[in-house]
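Geometric and topological summary
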Amino acid sequence: MPIQPVHQRDKVSSYQSLRSLYEQNITVNSIAESLDTCHLHDDSTHIKNMMEMKDYDILGVEDNGIVIGYVVRDELKEGICKDYYRSFSPTELVSESTSLLHTLFIFKENERIFILEGNRITKVVTLADLQKPPIRMLLFGLISLLEMHLYRIINEYFPDDSWKKHLNPKRIQFTEDLFALRKARNEGIQLSDCLQICDKRDIVLNEDPLREQLGIETKTKGKHFFKKLEELRNNLAHSQDINTENSWNETFFLIEQTENILEECEKIK
């Protein structure tokens, strides 16, 4: 059934405003580190020892005061840095105003990126920097935003708590118990406010027309997506590594899927 109640437009707009906070206002600078440098003709063995002492994986390389590339610690042997330095690839260079969300997708193709401030390369971001608080805030925010959209859509799609048909009795009882507890604290809520992400998942996946509207091809694919999303949320909530059980590429793919479903949610007004 189509969902386009006029009174939901303001809500969608407010969600889009919240999303713009992550897409526009938090930039790559929030996780970048200053790029220390050596000189093109420095002794490479000496530079490697210095990098090991400071735990640097890479170091910028200067020539006549301009950063022209970088060296990777594990590649340095006898000689001078000129023998081992890499020139910057265009795909490794980003503006300091690049959004944090877009930065994640750039890492699908790169192990590191360098930040341009004006016409100078001044900072670097590596995969290790993706564990920092701004990234964790971004990802937790995206997951929360998806939950907010699902809550809104479920309320419109299933009047009078008709979503109950998609939950087993145990989950319904849990929701009703939580509702009673929160009502006893004088909270102004409705029963659907007490649905957990696993409940929203089951409701959406078991309602085929709604699942299809959200761009989820099959129940099986939907269950896999939400399972991985819950794992990521739990890792974020408990300060674990973001990609504890997955490669970074799998994590990037999960974020991309979340973005796609969010876009479909925003079309349902």
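Look above for the structure.
Residues numbered from 1 in each chain as written. Predicted model: local features only at pLDDT ≥ 70, side-chain atom pairs only at ≥ 80, totals over all residues. Heavy atoms only, no water.

On to the overall build of the chain. A tally of helices and strands in the chain yields nine helices and eight strands. Here the chain has a C-alpha radius of gyration of 24 Å; the compact-globule value for 269 residues is 18 Å, and the former is much larger. On the principal axes, the C-alpha backbone points of the chain span a range of 75 × 40 × 35 Å. Classification of the 269 residues of the chain by burial places 44% in the buried group. Of the contacts formed within the chain by residues at least 6 apart in sequence, a portion of 63% connects residues at least 24 apart. For the chain, the computed accessible surface area is about 14200 Å², with 48% contributed by carbon and sulfur atoms. When the 34 basic and 45 acidic side-chain charges of the chain are each reduced to a single mean position, those positions are 6 Å apart. (Helix = DSSP H or I, 4+ residues; strand = E, 2+ residues; numbered from the N terminus. Rg over C-alpha atoms; globule rule 2.2 N^0.38 Å. Buried < 20%, exposed > 50% of the residue type's maximum accessible area, 1.4 Å probe, protein only. Contact = heavy atoms within 4.5 Å. Areas by Shrake-Rupley, 256 points an atom, 1.4 Å probe, with all protein chains shown as cover. Lys, Arg positive; Asp, Glu negative; His and termini not counted. Charge placed at Lys NZ, Arg CZ, Asp CG, Glu CD.)

What follows is about the pairing of strand β4 (residues 66-72). In the case of a regular strand, side chains alternate between the two sheet surfaces. The buried count for β4 comes to five of seven residues, which makes it a mostly enclosed element. Of the strand pairs in this sheet, strand β3 (residues 58-63) and β4 are connected by six bridges, and their pairing is antiparallel. In the sheet register, valine 61 faces β4, and the bridge partner there is glycine 69. Linking β3 back to β4 in an antiparallel pair, the connection comprises two residues, with asparagine 64 at a positive phi of about 55°. Note that β4 and strand β5 (residues 86-87) share two bridges and pair antiparallel. Counterpart to glycine 69 in the pairing with β5 is serine 87. (Pairing = 2+ DSSP bridges.)

Another aspect to go through is the nonpolar core. Among the nonpolar cores identified, the biggest contains 52 residues, and Leu104 and Leu214 are the most heavily contacted of them. Secondary-structure elements contributing two or more residues to this core are α3 (100-106), β7 (112-117), α4 (133-157), α6 (197-206), α8 (219-237) and α9 (248-267). Every residue in contact with leucine 104, bar those within four places of it in the chain, is listed here: Leu130, Ile135, Leu138, Leu139, Phe252 and Ile255. One finds Leu40, Met50, Leu59 and Cys81 within the second-largest nonpolar core, a separate group that totals 10 residues. (Core = buried A, V, L, I, M, F, W, Y, C linked by side-chain atoms within 4.5 Å.)

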